[in-house]
Amino acid sequence: MNSFTIARRDIAAYLHGYAGFVIIAGILFVEGMLFNFFAMGSDSARYSHEVLEDFFYFQGGCTMVAAILFTMRTIAEERTEGTDVLLITSTASDGQIVFGKYIGAMAILTLMTALTLYMPGLIFVNGKVSLAHIAVGYLGVMGLGSVCTAIGIFGSTIFRSQLASGVITTVVVVTFLTSWLAAEFTEPPFSDVLAHAAIFNQHFIPFQEGRLTLSSLVYYASITAVFLVFAKLVINGRRWE
Amino acid sequence: MIQVNDLTRYYGDFPAVQGVSFTVERGEIIGILGLNGAGKSTTLKILAGLLLPSSGTVVIDGTDMVSNPDTMRRHIGFLPEDPPLYLDMTVRSFLLHIGKLKGMNAGELSKRLPEVLALTDLVDREHQVIQTLSHGYRKRVGIAQAIIHDPKLVILDEPISGLDPAQIVEMRDVIRGLGKDRAVMLSSHILKEISMTCDRVIVIHKGRMASTVELGGDDAGPERIMLTVRADADALRSWATSQPQVAQYNETQNQDGLVTAVVDLTGDIREDFLAEVAKAGFGIRLVERPIAELETLFLSVIQEEVAA
């Protein structure tokens, strides 16, 4: 209950100010451009599913950027404004505070993602793709968004500065994003671990292609849970600092 | 009702608070005094649940706060020096939000909200966006959020800082109102304000409890009187110490032919004593409640620090 109260407040805060709208509008603009120029703008004839795969490829990247932008303010801004006192002295546990922040950010991310539905809708109407492919692709997008949101919440607990929170979140996300590169320069078993850790290349591509992979869903859920627990520990640790 | 036992808090190796113990009863207003860095804010933050103690217990109605922090925060309201407010919300929506965070349901909130708005004199501002409120009204909203859940203990950190004289008087009334049916703890650097608002003062120095002083609320006690008289100091002292109704006599000031003295009487015989003073030929210029004791006590506690 406390988590939903916190989430409701965060959603309202995103929508009261202009920052939330600017981020959503900016990301949608970039996504629209990428869709128009690269996914749709090929000179040669392409299958509809290839266009859809390209859409989800860009959608995945934009969602990661949006998650970082949405979460860099969450707890960092509360600390800067001094309103974190309201949360820490409430009956909400540290876990409920973190989960509430996560739900709020995910709700905004979901809203933004929902506004992109017209693009696969165009492919569906004018081409030949299955609804299952679209649904699985979006499931992957939300999984990727969930991981980046959890990392962003964690980053936001560390610093008062939103910029610093954004930077640390970006560093962690890029590390997970490029771990497949590091895998090429290491020996087994480290190379196997690093290759498996890649949140995009290893785990998103199947969703992009319309293949529902349970192991990737479990991976996304696990990484999300781990970083939310880290965030909870940071908040709890602050009571001892 | 609220028992603080041997509270200790370290920041690294530095002991910010050491062995602080006291009790607070419902209906009591307690002031915490101390120099900057004395440990009063740390003490208040531990009581508010913002920090955890290194050792010691805080027991509210028999339940230990450290063992049950999430539950016990339901019984504590906290206002930091800068009121924590969501500026984009209206007063009403903000207080409803905080009430929910404090575990209240819709029924409890609809009953409690009008009471809190009335107590903090915010009825006319209920639908105003907080960003548009003056500093004084923001403080009131801060107090309102601290009491929306009807806590047993309200903690106010520097509640009058930044307020103008009129707002200070109003805030004093609000705090007294709070203290009628709950325990209130407040910190302030202004000794006069503490002495005018609190029933008891706890002096913290270098992390330790240096002293406690009973102030008796609005009155320092019916036996004590502070008067400024146009007289020769020796003559007044000689006369006063020879009077049977005078238990103790202390001069606190002597300049421009005026003497200020604090007199402890043998009973509540202030009218009779003042009549005797006038009859003895001393010109009474001013009679007031003695607050010098608190200043004297506080200064003596920090004397070592000042000398250093």
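Visitor: Honestly, the pairing of strand 3 (residues 29-33) of chain B in this entry has me stumped. Any pointers?
Guide: Along any regular strand, the residues point their side chains to alternate faces of the sheet. Residue and element names in this part refer to chain B. In terms of burial, strand 3 is a largely internal element, 5 of the 5 residues being buried. Covered by surrounding structure in strand 3 are Ile 29, Gly 31 and Leu 33 together with Ile 30 and Ile 32, the residues of both alternating faces. Bridge count for strand 3 against strand 8 (residues 183-187) is 4 bridges, and the pairing is parallel. Within the sheet, the bridge partner assigned to Ile 29 lies in strand 8 and is Val 184. The pairing of strand 3 with strand 9 (residues 200-205) spans 4 bridges and is classified as parallel. Note on strand 9: the bridge partner recorded for Ile 30 is Arg 200.

Visitor: Honestly, helix 5 (residues 135-147) of chain B in this entry has me stumped. Any pointers?
Guide: Structurally, the α-helix is built with 3.6 residues per turn, so residues lying three or four positions apart point the same way. Residue and element names in this part refer to chain B. With 13 residues, helix 5 should cover 18 Å at 1.5 Å per step; its first-to-last C-alpha distance of 19 Å lies within 8% of that length. Counted residue by residue, helix 5 has 10 buried out of 13 residues, so it is predominantly covered. For helix 5, the complete set of buried residues consists of Tyr 137, Lys 139, Arg 140, Val 141, Gly 142, Ile 143, Ala 144, Gln 145, Ala 146 and Ile 147. In this fold, the buried residues of helix 5 make contact with strand 6 (76-79), helix 3 (91-101), helix 4 (106-119), strand 7 (153-157) and helix 6 (165-178).

Visitor: Before we go on, may I ask you to explain the confidence of the model for chain B in this structure?
Guide: Where the model shows low pLDDT, its predicted coordinates should not be examined in detail. All names here are of chain B. Chain-level statistics for chain B give a pLDDT mean of 85 and a share of 91% at 70 or above. Per-element confidence in chain B is highest for helix 3, whose mean pLDDT is 94, and lowest for helix 10 (residues 292-307), whose mean pLDDT is 64. In the predicted complex, the global pTM is 0.79; the interface-specific ipTM is 0.85.

Visitor: So what exactly am I meant to see when it comes to the nonpolar core here?
Guide: Inside soluble globular proteins, nonpolar side chains tend to come together where they are buried. With 131 residues, the main nonpolar core has Ile 153 of chain A together with Leu 153, Ile 155, Val 184 and Met 185 of chain B as its most contacted residues. Broken down by element, this core gets its largest block of residues, 12 residues, from helix 3 (residues 48-71) of chain A.

Visitor: What is the right way to read the packing of helix 8 (residues 131-158) of chain A against helix 9 (residues 162-177) of chain A from this model?
Guide: Each pair of packed helices gets described by two things: the angle between the helix axes and the distance between those axes. Residues and elements named next belong to chain A. With their axes 8 Å apart at the nearest point, helix 8 and helix 9 run at an angle of 140° to one another. As summarised for this structure, helix 8 and helix 9 are arranged oblique, according to the angle between their axes. Every pair of crossing elements has a handedness; the one defined by helix 8 and helix 9 is right-handed. Of the residues in helix 9, those touching helix 8 at Cys 148, Ile 151, Gly 152, Gly 155, Ser 156 and Ile 158 are Ser 165, Ile 168, Thr 169, Val 172 and Val 173. A class-by-class count of the residues in the contact of helix 8 with helix 9 yields 6 nonpolar, 5 polar and no charged.

Visitor: I keep staring at the interface of chain A and chain B and nothing clicks. Help me out?
Guide: The extent of an interface is frequently quoted as the accessible surface area lost upon association of the parts. With 18 residues of chain A at the contact, the number on the chain B side is 20 residues. Of all the secondary-structure elements, those providing two or more residues to the side of chain A that touches chain B are helix 1 (2-16) and helix 5 (84-88) of chain A. The element contributing the most residues to the side of chain A that touches chain B is helix 1 of chain A, with 5 residues. Its residues placed into classes, the side of chain A that touches chain B shows 6 nonpolar, 10 polar and 2 charged.

Visitor: Whenever I open this one, the sheet that holds strand 4 (residues 55-60) of chain B confuses me. Can you help?
Guide: Within a sheet, adjacent strands bond to each other through the backbone by hydrogen bonds, running parallel or antiparallel. Residues and elements named next belong to chain B. The strand order across the open sheet built from 4 strands is 2-1-4-5, with neighbouring strands paired in antiparallel fashion. Two strands in the sheet have a free side with no partner beyond their single neighbour: strand 2 (14-24) and strand 5 (63-64). Bridge count for strand 1 (residues 2-11) against strand 2 is 7 bridges, and the pairing is antiparallel. Among the inter-strand pairings, Leu 7 is bridged to a residue of strand 2, identified as Val 20.

Visitor: What is the right way to read the domain arrangement of chain B from this model?
Guide: We note that the domain assignment places domain 1 (2-214) and domain 2 (224-290) within chain B. Taking only C-alpha atoms, the centre of domain 1 of chain B and the centre of domain 2 of chain B are 39 Å apart.

Visitor: Which parts of the structure should I look at to understand the sheet that holds strand 7 of chain B?
Guide: Residues and elements named next belong to chain B. A sheet is described by the order of its strands in space; here 6 strands give the open sequence 6-7-8-3-9-10, paired in mixed fashion. Across the chains shown, the open sheet's two edge strands, defined by having one partner strand only, are strand 6 and strand 10 (208-214). On average, each strand axis in the sheet is tilted by 20° relative to the strand beside it, whichever way the strands run. As paired elements, strand 6 and strand 7 share 4 bridges and run parallel to each other. Paired with Phe 78 across the strands is Ile 155, a residue of strand 7. Set on the sheet, helix 1 (residues 40-48) makes contact with strand 3, strand 6, strand 7, strand 8 and strand 9; between it and strand 7 the angle comes to about 145°. Across the sheet, helix 6 touches strand 3, strand 7 and strand 8, and the angle it forms with strand 8 is around 145°.

Visitor: Got a minute to help me understand unusual backbone geometry in this structure?
Guide: Backbone phi values are negative for most residues with the exception of glycine, while trans is the configuration of most peptide bonds. Residues and elements named next belong to chain B. Phi at Asp 121 takes a positive value of approximately 55°, unusual for a residue other than glycine. Considering the arrangement of structural elements, one finds Asp 121 in the loop between helix 4 and helix 5. Of note in the backbone geometry, Asp 150 takes a positive phi value of approximately 50° without being a glycine. Checked against the element boundaries, Asp 150 lands in the loop between helix 5 and strand 7. Given 18 C-beta atoms within a 10 Å radius, Asp 150 is considered partly exposed.

Visitor: Quick question: what am I supposed to make of the confidence of the model for chain A here?
Guide: On average, residues of chain A score 90 in pLDDT, and 99% of them are at 70 or above. Summarising per-element confidence for chain A, the mean pLDDT is lowest in helix 10 (residues 179-183) of chain A (81) and highest in helix 8 of chain A (95).

Visitor: I'm lost on the pairing of strand 1 of chain B in this one. Help?
Guide: Residues and elements named next belong to chain B. The pairing of strand 1 with strand 4 spans 5 bridges and is classified as antiparallel. Across the sheet, residue Asn 5 finds its bridge partner in strand 4, namely Thr 57. Turn length for the strand 1-strand 2 hairpin, with the two strands adjacent in sequence and antiparallel, is 2 residues, and the turn residue Gly 12 shows positive phi of about 65°.

Visitor: When you look at the environment of Glu 209 of chain A in this model, what are you seeing that I'm missing?
Guide: Positionally, Glu 209 of chain A belongs in the loop between helix 12 (205-208) and helix 13 (214-238). Sequence separation between Glu 209 of chain A and Arg 160 of chain A is 49 residues, and the spatial gap between their C-alpha atoms is 40 Å.

Visitor: I tried to follow the packing of helix 1 of chain A against helix 3 of chain B on my own but got confused; where do I start?
Guide: Running from N to C, helix 1 of chain A and helix 3 of chain B cross one another at 155°; their axes reach a closest spacing of 9 Å. With respect to helix 3 of chain B, the element helix 1 of chain A is oriented roughly antiparallel. For the element pair helix 1 of chain A and helix 3 of chain B, the recorded crossing hand is left-handed. Together, Asn 2, Thr 5 and Arg 9 of chain A of helix 1 of chain A and His 97, Lys 100 and Leu 101 of chain B of helix 3 of chain B make up the contact between the two elements. Of the residues contributing to the contact of helix 1 of chain A with helix 3 of chain B, the split by class is 1 nonpolar, 3 polar and 2 charged.

Rules and cut-offs
- Residues numbered from 1 in each chain as written.
- Chains lettered and ligands numbered in written order.
- Predicted model: local features only at pLDDT ≥ 70, side-chain atom pairs only at ≥ 80, totals over all residues.
- Buried ≥ 20, exposed ≤ 12 C-beta atoms within 10 Å, placed from the backbone.
- Helix = DSSP H or I, 4+ residues; strand = E, 2+ residues; numbered from the N terminus.
- Pairing = 2+ DSSP bridges.
- Expected span 1.5 Å × (residues − 1).
- Contact = placed C-beta atoms within 7 Å.
- pLDDT = per-residue confidence, 0-100.
- Core = buried A, V, L, I, M, F, W, Y, C linked by C-beta atoms within 7 Å.
- Axes fitted to C-alpha atoms, helices over the stretch in contact; angles between N-to-C directions.
- Parallel < 35°, antiparallel > 145°, perpendicular 65-115°, else oblique.
- Left-handed = near helix turned anticlockwise from the far one by under 90°.
- Nonpolar A, V, L, I, M, F, W, Y, C, P; charged D, E, K, R; others polar.
- Domains from an automatic or database assignment.

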